[in-house]
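Letter by letter, the chains look like this.
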Amino acid sequence: MKLRLTWILILASPALLASEAARADTLPLSKIDRKIESHIQRGNTKKNVQCLAFILNDFQERKIRKSDIYVTFDDPYIDGIGIGIAETDENYTCEAGKLRAWEANEYQVAKTF
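J.: Report on the pairing of strand β6 (residues 106-112), specifying residues and quantitative values.
T.: Looking at chain direction, strand β5 (residues 98-103) and β6 are connected through 6 bridges and run antiparallel. Bridge pairing in β6 places Glu103 opposite Glu106. Two successive antiparallel strands, β5 and β6, enclose a turn made up of 2 residues, where Ala104 displays a positive phi of approximately 50°.

Listed below in structure tokens is the structure:
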């Protein structure tokens, strides 16, 4: 019996890892309603929310459509919020009160809040 349980756990492990990653949500900004916005704000620090507002303001000034802006939240691999523009390499995260931009194949701190 113990051997069978061990095999079940070994076989189930990849599925558990996949389900963990599947918990992350990525939505276009145009699909984020007040309920989701509230969830994002509650699940992040005040500085991360300020960071998100800062980058979204920049995108608005650059006249980037909401449907082209993607927001990632509840990602177990990001301690904050991810933001990117569809079909570009322009990606950012707001983690630990820092706006991090993807440059030269790694994230660089662009601004601290």
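From this point, the narrative continues.
J.: Can you lay out the environment of Arg100 for me, pointing to particular residues and giving the numbers?
T.: Its place among the elements puts Arg100 in strand β5. C-alpha separation for the pair Arg100 and Thr112, spaced 12 residues apart in sequence, amounts to 8.8 Å. Discounting chain neighbours no more than four positions away, the residues touching Arg100 are Asn91, Tyr92, Thr93, Glu95, Tyr107, Gln108, Val109 and Ala110. Of the polar contacts made by the side chain of Arg100, one reaches the side chain of Glu95; its length is 3.3 Å.

Conventions used here
- Residues numbered from 1 in each chain as written.
- Predicted model: local features only at pLDDT ≥ 70, side-chain atom pairs only at ≥ 80, totals over all residues.
- Heavy atoms only, no water.
- Pairing = 2+ DSSP bridges.
- Helix = DSSP H or I, 4+ residues; strand = E, 2+ residues; numbered from the N terminus.
- Contact = heavy atoms within 4.5 Å.
- Polar contact = N/O pair within 3.5 Å; in protein donor to acceptor, adjacent residues only side chain to side chain.

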